[in-house]
Amino acid sequence: MVFFILFSSQMRADEGMWIPMLLDRNFSEMEKLGLKLTPEQIFSINNSSLKDAIVHFGGGCTAELISGEGLLLTNHHCGYGQIHAHSTPENNVLRDGFWAMSKSEEKPNPGLVARFLVRMEDVTNEVNSVLNDEMTERERETKINEISREIENRAIDGTYYTARVSAFYEGNEFYLSVYETFQDVRLVGTPPESIGKFGADTDNWVWPRHTGDFALFRIYMSPDGKPAPYSENNVPYKPKHYFPISLDGVKEGDFAMILGYPGRTDRFATSWSINNSIELKNPAIVNIRTKRLEIIDEFSALSPDIRLLYANKHAGIANFWKYSIGQTEQLKRNRVADKKIQIENEFREFAEQNPEYANVLSDIESAYQTLDHYEIANRFYTEAILNIEVFRVANLLLPTNLKTELEKSEPNTEEIQTIADRLKPAVSRVLSSSYAPLEQKNTEAMLKLYFENVPKDQQPKEFVAWVEKNKNDFAKMAEELQNSVFANEERVLAFLNNPDKKVFETDQAFEMAEFFHSNARAISAKVTPCNEKLRRANRLLVEGLRKMNPDKLIAPNANSTMRLTYGQVLSYYPVDAIHFDYKTKLTGVMEKEDSTSHEFEVPAKLKELYERKDFGIYGENGNVIVNFIFNGDITGGNSGSPVLNANGELIGCAFDGNWEAMSGDIFFENDTQRCINVDIRYILFIIDKFAGAKHLIDEMSLRAR
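Residues numbered from 1 in each chain as written. Predicted model: local features only at pLDDT ≥ 70, side-chain atom pairs only at ≥ 80, totals over all residues. Heavy atoms only, no water.

Observations concerning the packing of aromatic side chains
So, point 1. For the structure shown, the criterion picks out 29 aromatic pairs.
So, point 2. Their ring planes at 15° and their centres at 5.4 Å tell us that Phe320 and Tyr323 sit as a pair that is stacked. Of this pair, Phe320 and Tyr323 both sit in helix 12 (residues 311–333), three residues apart, which is roughly one turn of that helix.
So, point 3. By relative accessible area, Phe320 is classed as partly exposed at 33%.
So, point 4. Taken together, a centroid distance of 5.7 Å and an interplanar angle of 55° make the contact between Phe391 and Phe516 tilted. Of the two residues, Phe391 is situated in helix 15 (residues 389–397) and Phe516 in helix 23 (residues 508–548); the sequence distance between them amounts to 125 residues. (Phe/Tyr/Trp six-rings, centres within 6.5 Å; stacked < 30°, edge-to-face > 60°. Helix = DSSP H or I, 4+ residues; strand = E, 2+ residues; numbered from the N terminus. Buried < 20%, exposed > 50% of the residue type's maximum accessible area, 1.4 Å probe, protein only.)

Take a look at the structure:
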């Protein structure tokens, strides 16, 4: 059977985001690859284990404890928002780096949290006890939410923990995760962008790589050992476990694994989903983001202050922009749709003998017929219209009842001011770091892209009329929107200090935001039934696939819960006759240097250390290893994850995947898929020799065999 061949070869134990509490299923394969630990040493509820050194960092990345004083290692790009927030034209931390030479110099980061997994529990039976096959998908989801809240509340009753029930295998299984969350996380050290983001957009998602993508933070707790908001009285966190650091380096074939919080994979995606990405979704994303990046680059070239102002926004836009380009290219190159069609054909044969699955694939196909029809309208609304700054501000007000309250014959002034005060911080977050001429140019471009690409019968008729009235002069329209109350922080805050219903009645931007919002809701009403049909069909598809292969290890998709992935340090052949080694060296940084490009600048001190071969204990054969790869599974959210050797010692920090496997979130490519990591010795070299922060090294536990 084609399906059996595919799954027996592709669903190997080095693929997958594995649930750490169920590692006994993978343990024999991990031992064969070289693991020296027991499952209990990796994941234990009752005893200290590797899981206790893993942090869900900021809700979107991973970090790990590397000292007994709460010192955290993560990626530079994971801490980029905080690093950017601490940067000013006068003290540009992004450009110059930062190193706290004492704990008193460490920088607080309001809103940044570090979350530890306390325990995990399979609650599938309890959730399924309130479900039945007669329920609609909406009824099913309502019941799941209700029972999940009961389970979560029971799990944290009498504690300060938080809890979440998450769906696995597309809603066929459910697991409870209980967390302890710390709110005082301080920036300790970061290399300059010329190290932490070396290669920038050009090298992003590409191997060979030469990037020191790391930063250091520290968790603080109250004196009694509990999570607490920032306070000068807080003390460094005392962990249950932190990772010892290996100075031995890696060689081809070595066992490696990572524990982290991968965000999302879609390994059960069908051929229809893939065609949607190739033909509709990804081209739209690339089209819009290319224009947004061009505008930011144009204005950034005028002033380093503008470049700094938009650095964080540029990084966020660029990352998924290049991901979308690469995913499309590799979905085609790796013929992933064809592989999925083979699987679907085998599923049809299975469904002939199992009638409960007879309509699964036809339901998926019919759902995508409608979803494809509205994909462009939806994508251009979220990527273009909702990234017009004045609309973003207006949309902050739309879900509130501020307008409704103001229009009452007897408005409740206390309620009005409560709503207005609640909106002020969000408005400031949007508008405080923006440059009006740039935003006006962006508004012009986004309106034009939306009008030219979205089918006219799926656009708000009021918008079409506005375009016709202005004779397609999008610059004039953007200028009009820029005069809105909601386009300027000072004007918006003045309005919120004294709300007036006349603003809602006369402001062009707010009115147009309402039209776009209503139009999006109308389209949503048309696609919601299709999405519900699709969720049900996907759940049954995964259920059927697992029944077809009861003896096969099939990992659930990533869903921001803790997972483990493992494999070996391996080089690879990206195409015929070209071989990529498994490691890169500091020599490669020097070879890539280009003083005319901010992406490939090399700090003078780094060049000096290289020329003197002043590598200390961190060198290898007269050089420093910068990055290495292994064939573990990685996706967004794994960024910052610890890369561990067979003994559970830290050998690197994961930060990226490779170009040839950009389709890997949908189909794992055994021969070419690689996880790119910063070698821990390069991190230590930068901290010690480059930054002169040896006091941080002294906190760590270094090992050499």
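Thoughts on the pattern of salt bridges
So, point 1. Counted according to the given criterion, the structure contains 42 salt bridges.
So, point 2. For Asp96, the salt bridge goes to Arg95, with nearest N and O atoms at 2.8 Å.
So, point 3. As a salt-bridge pair, Glu294 and Lys291 come within 3.3 Å of each other at their nearest N and O atoms. With Glu294 and Lys291 both in helix 10 (residues 271–300) and three residues apart, the pair spans about one turn of that helix.
So, point 4. For Lys291, a relative accessible area of 31% puts it in the partly exposed group.
So, point 5. Several salt bridges converge on common partners, so that one network encompasses Asp248, Glu649, Arg703 and Arg705. (Salt bridge = Lys/Arg side-chain N within 4 Å of Asp/Glu carboxyl O.)

Quick look at the pairing of strand 16 (residues 625–630)
So, point 1. Of all six residues in strand 16, six are buried; the element is thus mostly enclosed.
So, point 2. Pairing between strand 15 (residues 583–585) and strand 16: three bridges, direction antiparallel. What sits directly across from Lys583, in strand 16, is Phe628.
So, point 3. For strand 16 and strand 19 (residues 675–679), the ladder comprises four bridges, and the chain directions are antiparallel. Considered in strand 19, the bridge of Phe628 is made with Asn677. (Pairing = 2+ DSSP bridges.)

Details of the state of the cysteines
So, point 1. Summed over the entire model, instances satisfying the criterion amount to one disulfide.
So, point 2. Each sulfur in the disulfide pair Cys61 and Cys78 lies 2.2 Å from the other. Looking down the S-S bond of the Cys61 and Cys78 bridge, the torsion is -80°, so its handedness is left-handed. In this pair, Cys61 sits in strand 2 (residues 61–65) while Cys78 sits in the loop between strand 3 (71–74) and helix 4 (80–85), placing the two residues 17 residues apart along the sequence.
So, point 3. On the basis of relative accessible area, Cys61 is assigned to the buried category, the value being 11%.
So, point 4. Exposure remark for Cys78: the relative accessible area of 10% places this residue in the buried category.
So, point 5. Summary of cysteine pairing: Cys653 is not part of a disulfide, and the nearest cysteine sulfur, belonging to Cys78, is at 7.6 Å. (Disulfide = S-S within 2.5 Å.)

Quick look at the packing of helix 10 against helix 12
So, point 1. Contact geometry for helix 10 and helix 12: axes closest at 9 Å, N-to-C directions at 145°. Remark: the crossing between helix 10 and helix 12 carries left-handed chirality.
So, point 2. Its residues placed into classes, the contact of helix 10 with helix 12 shows twelve nonpolar, eight polar and five charged. (Axes fitted to C-alpha atoms, helices over the stretch in contact; angles between N-to-C directions. Left-handed = near helix turned anticlockwise from the far one by under 90°. Nonpolar A, V, L, I, M, F, W, Y, C, P; charged D, E, K, R; others polar.)

Digging into the pairing of strand 13 (residues 255–260)
Along a regular strand, successive side chains alternate from one face of the sheet to the other.
So, point 1. Within strand 13, six of the six residues are buried, which leaves the element mostly enclosed by the surrounding structure.
So, point 2. Of the two faces of strand 13, the one carrying Phe255, Met257 and Leu259 and the one carrying Ala256, Ile258 and Gly260 are both buried.
So, point 3. Sheet analysis places strand 13 next to strand 17 (residues 642–644), joined by two bridges and oriented antiparallel. The residue bridging Met257 from the neighbouring strand is Leu644, located in strand 17.

A few points about the packing of helix 13 (residues 336–353) against helix 23
So, point 1. Here helix 13 crosses helix 23 at 80°, and the two axes come no closer than 11 Å. Here helix 23 runs roughly perpendicular to helix 13, going by the angle between their axes. Residues Ile343, Glu346, Phe347 and Phe350 of helix 13 form the contact with helix 23, whose participating residues are Leu540, Leu541, Gly544, Leu545, Lys547 and Met548.
So, point 2. Considering only residue class, the contact of helix 13 with helix 23 consists of seven nonpolar, one polar and two charged. (Parallel < 35°, antiparallel > 145°, perpendicular 65-115°, else oblique. Contact = heavy atoms within 4.5 Å.)

Structural notes on the side chain of Gln330
So, point 1. Counting through the fold element by element, Gln330 comes out in helix 12.
So, point 2. In contact with Gln330, not counting residues within four places along its chain, are Arg335, Val336, Trp659, Glu660, Ala661, Met662 and Ser663.

Comments concerning the nonpolar core
So, point 1. Membership of the largest hydrophobic core comes to 208 residues, with the highest contact counts inside it found for Met257, Phe391, Leu586 and Leu606.
So, point 2. At 16 residues, the largest contribution of residues to this core is made by helix 23.
So, point 3. With 14 residues, the next largest nonpolar core counts Met135, Ile144, Val165 and Leu176 among its residues. (Core = buried A, V, L, I, M, F, W, Y, C linked by side-chain atoms within 4.5 Å.)

Here's the deal with the environment of Ala445
So, point 1. Counting through the fold element by element, Ala445 comes out in helix 18 (residues 436–453).
So, point 2. Judged by its relative accessible area of 14%, Ala445 falls in the buried class.
So, point 3. Not counting the four nearest positions on each side in its chain, Ala445 is found in contact with Lys291 and Ile295.

Focus on the confidence of the model for the protein chain
So, point 1. Per-residue pLDDT for the protein chain averages 95, and the proportion of residues at 70 or more is 98%.
So, point 2. The low-confidence segment residues 1–13 (pLDDT under 50) makes 31 contacts with residues lying over four places distant or belonging to another chain. (pLDDT = per-residue confidence, 0-100.)

Details of helix 15
So, point 1. With seven of nine residues buried, helix 15 is to be regarded as a mostly interior element.
So, point 2. Buried residues of helix 15: Glu389, Val390, Phe391, Val393, Ala394, Asn395 and Leu397, and no others.

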